[in-house]
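Geometric and topological summary
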Amino acid sequence: MVALRWGLALVLLGFLAQAQPTPPLRALAEKRGLQIGAAVEPSLLLQEPEYGTVLAREFNLVVAENVMKWGALQTSRGQFNFAAADLLLDFAQKNRMAVRGHTLVWHQQLPRWMYGSFGPAEMEAILREHIQAVVGRYRGRIAYWDVVNEAIGDDARPRLTPFAVLPDYIERAFRLARAADPQAKLFYNDYGAEGLGPKSDAIYALLKGLKEKGVPIDGVGFQAHLDLSFSPTKARMAENLERFARLGLEIHITEMDVRLSGPGSRAERLEKQAQIYQEVLQICLRQPRCKAFTLWGVTDGHSWRAASEPLIFDTDYRPKPAYFALQRALQP
Ligand code: XIL
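Attention here is on the structure that accompanies the text. Owing to the predicted nature of the structure, the values given are computational and were not obtained by experimental measurement. (Residues numbered from 1 in each chain as written. Predicted model: local features only at pLDDT ≥ 70, side-chain atom pairs only at ≥ 80, totals over all residues. Heavy atoms only, no water.)

1. Brief notes about the packing of helix 7 (residues 120-137) against helix 8 (residues 169-180)
Across the interface, helix 7 lies against helix 8 with an axial gap of 9 Å and an inter-helix angle of 35°. Of the two elements, helix 7 crosses helix 8, and the hand of that crossing is right-handed. Residues Glu124, Leu127, Arg128, Ile131, Gln132, Val135 and Gly136 of helix 7 pack against Tyr169, Arg172, Ala173, Leu176, Ala177 and Ala180 of helix 8. For the contact of helix 7 with helix 8, the per-class residue count stands at 8 nonpolar, 2 polar and 3 charged. (Axes fitted to C-alpha atoms, helices over the stretch in contact; angles between N-to-C directions. Helix = DSSP H or I, 4+ residues; strand = E, 2+ residues; numbered from the N terminus. Left-handed = near helix turned anticlockwise from the far one by under 90°. Contact = heavy atoms within 4.5 Å. Nonpolar A, V, L, I, M, F, W, Y, C, P; charged D, E, K, R; others polar.)

2. Description of the pattern of salt bridges
Pairs can form between side chains of opposite charge once their charged atoms are near each other. In the structure shown here, the tally under the stated rule is 24 salt bridges. What emerges from the salt-bridge pattern is a single network uniting Glu124, Arg128, Asp168 and Arg172. (Salt bridge = Lys/Arg side-chain N within 4 Å of Asp/Glu carboxyl O.)

3. Considerations on the packing of aromatic side chains
Applying the stated criterion across every chain yields a total of 10 aromatic pairs. Ring centres of Phe82 and Tyr138 lie 5.8 Å apart, and the angle between their planes is 90°; this geometry places the pair in the edge-to-face category. Taken together, the positions of Phe82 in the loop between helix 5 (70-73) and helix 6 (83-94) and Tyr138 in the loop between helix 7 and strand 4 (144-149) put the pair 56 residues apart, joining distant regions of the chain. This pair shows no difference in class: Phe82 is buried, exactly as Tyr138 is. Where Phe313 meets Tyr323, the ring centres are 5.2 Å apart and the plane angle is 50°; that geometry is what we call tilted. Of this pair, Phe313 sits in the loop between strand 9 (290-295) and helix 12 (321-330) while Tyr323 is found in helix 12, placing the two residues 10 residues apart along the sequence. An aromatic cluster is defined as three or more aromatic residues linked by ring pairs; in this entry it consists of Trp70, Phe163 and Tyr169. (Phe/Tyr/Trp six-rings, centres within 6.5 Å; stacked < 30°, edge-to-face > 60°. Buried < 20%, exposed > 50% of the residue type's maximum accessible area, 1.4 Å probe, protein only.)

Here it is, written out as structure tokens:
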């Protein structure tokens, strides 16, 4: 009789364990005080029900993959088109998700009219009008803004962009953004600076200088568009993050994806991809100032690098080894 009771209890426990799958990433991240995010194309929310379901279940932060870029928002001078961005904001609010605004000042995806020959005074007016309109519209609803994106080139020198006719455009952009929304945390964001090296040195010097001048900058974003050759340890990523943290900056991983292409069997590469995701997340979790970990998309099917399957869900929304690796890293 006693044995039978134990048997029943075990069956019941087994059943309960099955009925209770491991919590989604979002729930695990919230327990660790981390924002876990994904880049979003709002049109997919309308086209593909599963996209929104997975997004809201697994993430507590969204960023616009394209719809908040200059070329999407201000198609001709003074004419703003906020429909898609509004849709994303509504989705985020409904699902209690924070929003990263991406991005105010970037040399890519600019509208054609921005390539006119403007003098410094006119460029200052253009910058001011854009930032006031965009940041002002979403004042209080966007927690973090990528104010300046990729201002340092691969040669570790300041990039030549249409904005550069205004020598202090970086500083001005941050001040304008602060004035338009004093609550939003303002970020500089770039790629290829995850580890120590000349480009990350240049960004460090830039941000240190801004801080010293009293420019309102709150954080730095490391995009983390990676491939299987990336080793966080060899790149000394933890050390790199630490020096930015010591400037008093908040740190976000902002656009992580890991291209699967390369030598080795598919299974091996999926494992390697998972390992890189896990290591980068662990580095973020061990750095007290690293507060957000964001992926550049939800599923491989809609990734900007779809062919190299860089994300944590496959085209059928099945979690890949990388998903489970993040889950493990987030376990208490
Ligand atoms: C990419 C988008 O994912 C693509 O859909 C678009 O065609 C080009 O831009 N760094 C950034 C992102 O800051 O805005 C870029 O997003 C990827 C590189």
